[in-house]
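One-letter residues, chain by chain:
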Amino acid sequence: MKIAIIGFGAAGIGFLKNASDLDITVFEASKDVYSSSISGIRADGKLFVSSEMGGDLEEILYNIELQKEIVDFYSEYSNTVPETGKEEINIELKRAFHRSGFRLIEAKFYHIGTDKLKVFLENIYEEFVKRGIKFVFGARVVDLEILDKSIKIKYLKDNNEYVEFFDKVYVAVGRSGLKLIDLVSKKYPEILLQNNTVDLGIRFELPDFVVQELNEKLYEFKIKYQASNGLLVRTFCNNPSGFVVTEKYPNFVTVNGHSFHTKKSSNTNFAILVTHTFTEPFNDPNGYGEYIVRLANILAGGRKVILQTYGDFKKGKRTKKLWNVFPTLNSNEYILGDLNLVLPHKTVKAITEFLEQLENVIPGITNSSHLMYGIEVKFYSKKMNNNFSENLKFIGDCSGFTRSIVHATAHGIIEYLKLKKG
Ligand SMILES: Cc1cc2nc3c(=O)[nH]c(=O)nc-3n(C[C@H](O)[C@H](O)[C@H](O)COP(=O)(O)OP(=O)(O)OC[C@H]3O[C@@H](n4cnc5c(N)ncnc54)[C@H](O)[C@@H]3O)c2cc1C
């Protein structure tokens, strides 16, 4: 049986983890495994074991053993012992968040680090090559066609177009492969389940010492809050002693954060995201998110993001100077500005209310010198229907069912086992 995997990221790696005796070719758009554009697993590498987050597939959410196995797998191939919180969530902490209207998500975090993820990718790639798996790098798949007994794939490499046929194709293109997903779902509309959500917000940065206790206890605190205007607000991707970075897409630039295993800053950053859900007739949440992000870039004078202090954000006034807290993002990647010119009023209200409530649990969090970078956005992939075709399957984030390294890897593992069972 001839099998193709499109994309060498977490899901593709999960599929290959236990693969043997199969004729498998991996097509990857990046030029090689050392490329900085390869996979969402090139930055940070925070792994978590939880039955409450990371994706929507119950067979993964409730399979804690599988999640732990994946953490061990990443630790082993990155030659590292991950950083982790010192204790399980304690009841006092849970109570304190609960009293102020927050829900503390229970999860155990393991941090691999951007530097060690590179080691992981290189080691695992060498292992797969040894097992006889074929790789075609610099190959961007641009079209897929479902035939009677096979799948036709078309890809571009070195400006040439190639066509190949496979018995089964596993699409594992992550969030960066949305173009291929769009194309397939236009061609086969019934392959698509509905999505009407996008998460928009900011990255918050403050000195480590304000959140030191939480960082030590949990490594990452994940909380959810329902604002009085009905919007759901949550924290995402907490980086103790980390760095704020920009994420560059072809048409826009957003913010993100990460941290290293070795190199440390003295600031913590995390995202505050607000879920925006739309109803008919509007059905383009990703377009809405992109529009807001591009507006921020336009106001920042090009491929830059906006930086504002929390004090000025509350006053609705442009930030002209910083004090007390200094950005970890390179100064040529942001402009001091006013996020109120970009975010919808109800989003601003929800973020402000969230922070003011959080002051009850984390005293000092609303200090006016703390930093806010915008825009951070989380696009949800459309959900793909894996029952549509026997031979074409979508795994990992591009399937719309996973949102994390552990879940994407697990999805790959599970689909491989299904194939083996027949
Ligand atoms: C900056 C950043 C930091 C993150 N940090 C964390 C974290 O700390 N913890 C966590 O759990 N999650 C994190 N995530 C999310 C996580 O990386 C993803 O959930 C996970 O990698 C999804 O795995 P995947 O295999 O579906 O996609 P990916 O790992 O993104 O892999 C997709 C691969 O497909 C390739 N590709 C795309 N289109 C094509 C095409 N048309 N043809 C051929 N190849 C193609 C891409 O080059 C890529 O290598 C982060 C994401 C980003 C962007």
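Caption draft 1: View of the pattern of salt bridges. A complete count under the given rule lists 26 salt bridges for this structure. For the salt bridge of glutamate 161 with lysine 154, the shortest nitrogen-to-oxygen distance reads 3.8 Å. The salt bridge involving arginine 203 is made with glutamate 376; its shortest N-O contact spans 2.8 Å. With a gap of 173 residues between them, arginine 203 in strand E13 (residues 197-207) and glutamate 376 in strand E21 (residues 371-379) connect regions that are remote in the sequence. Comparing arginine 203 with glutamate 376, the two get one shared label, buried.

Caption draft 2: Quick look at the domain arrangement of the protein chain. You can read the domains of the protein chain as domain 1 (2-84 + 110-194 + 383-421) and domain 2 (197-379). Its C-alpha centre places domain 1 at a distance of 29 Å from the equivalent point of domain 2. With both chains or domains summed, domain 1 and domain 2 bury close to 1,200 Å², and 55% of this area falls on carbon and sulfur atoms. The interface formed by domain 1 and domain 2 holds two salt bridges in total. Between glutamate 83 and lysine 264 there is a salt bridge; the shortest N-O distance is 3.0 Å. Put simply, domain 1 and domain 2 have 12 residue pairs in polar contact (both at pLDDT 80 or more) between them. It is helix H5 (residues 114-130) that provides the largest number of residues to the side of domain 1 that touches domain 2, a total of three residues.

Caption draft 3: The arrangement of the nonpolar core in detail. Counting residues in each nonpolar core, the largest one holds 47 residues, and the members touching the most others are Phe97 and Phe204. Considering every element that reaches this core, the biggest residue donor is helix H10 (residues 345-358), with six residues. Membership of the second largest hydrophobic core comes to 46 residues, among which are Ala11, Tyr77, Ile405 and Ile413.

Caption draft 4: Structural view of unusual backbone geometry. Here the residue pair glutamate 280 and proline 281 is connected by a cis peptide bond, since its omega of 10° sits within 30 degrees of zero. In this structure, proline 281 sits in the loop between strand E18 (267-277) and helix H8 (285-299). The omega angle of the peptide bond from glycine 374 to isoleucine 375 is 15°, so this bond is cis rather than trans. When you line up the elements, isoleucine 375 lands in strand E21.

Caption draft 5: Seen up close, the environment of lysine 317. On the secondary structure map, lysine 317 appears in the loop between helix H9 (310-315) and strand E20 (334-336). Beyond its immediate stretch of four places on either side in the chain, lysine 317 contacts Gln308, Asp312 and Asp338.

Caption draft 6: Up close: the pairing of strand E10 (residues 160-166). With seven bridges joining them, strand E9 (residues 151-157) and E10 adopt antiparallel strand pairing. Along E10, the bridge assignment pairs lysine 154 with valine 163. Counted along the chain from E9 to the antiparallel partner E10, the turn is two residues long, and its residue aspartate 158 has a positive phi close to 50°.

Caption draft 7: Spatial organisation of the sheet that holds E18. One open sheet holds the eight strands; their spatial order is E5-E14-E15-E18-E13-E21-E19-E20, and the pairing between them is mixed. Of all the strands in the sheet, just strand E5 (102-104) and E20 have a single pairing partner and so form its edges. Neighbour-to-neighbour, the strand axes of this sheet turn through a mean angle of 30°, independent of strand direction. Bridging between strand E19 (residues 305-309) and E20 involves three bridges; their strand directions are parallel. Its bridge partner lying in E20, leucine 307 is registered against leucine 336. Along the sheet, helix H4 (residues 91-99) contacts E5 and strand E14 (223-226); its crossing angle with E5, the most-contacted strand, is approximately 155°. Sheet strands touched by H10: E5, E13, E14, strand E15 (232-239), E18 and E21. Its angle to E18, the strand with the most contacts, is close to 135°.

The rules we used
Numbers given for residues are sequential positions, taken from 1 along each chain in its written order. Residue-level local features of this predicted model are given only where pLDDT is at least 70; pairs of side-chain atoms are given and counted only at 80 or more, and the full residue set underlies all totals for whole chains, interfaces and linings. Just so you know, side-chain values use all the structure's heavy atoms and leave hydrogens and water out. One speaks of a salt bridge when a side-chain nitrogen belonging to Lys or Arg is within 4 Å of a carboxyl oxygen belonging to Asp or Glu. For the purposes of this entry, the term helix denotes a DSSP run of H or I that reaches at least four residues, the term strand denotes a run of E that reaches at least two, and both are numbered from the N terminus. The rule is simple: take the accessible area with a 1.4 Å probe, protein chains only, and divide by the maximum for that residue type; under 20% is buried, over 50% is exposed, in between is partly exposed. For the domain bounds, the source is a domain assignment made automatically or taken from a database. A simple way to read buried area is as the amount of 1.4 Å-probe accessible surface that goes missing from two parts once joined, with both sides added. Any pair of N or O atoms that falls within 3.5 Å is considered a polar contact. Within protein, one atom must be able to donate a hydrogen and the other to accept it, and sequence-neighbouring residues count only if both atoms are side-chain atoms. To define a nonpolar core, start from buried Ala, Val, Leu, Ile, Met, Phe, Trp, Tyr and Cys residues and group those joined through side-chain atoms within 4.5 Å. Any two residues whose heavy atoms approach within 4.5 Å are treated as being in contact. When DSSP finds two or more bridges between a pair of strands, those strands are recorded as paired. Lines are fitted to the C-alpha atoms to define the axes, a helix being fitted only along its stretch in contact, and any angle between axes, read from their N-to-C directions, falls within 0 to 180 degrees.

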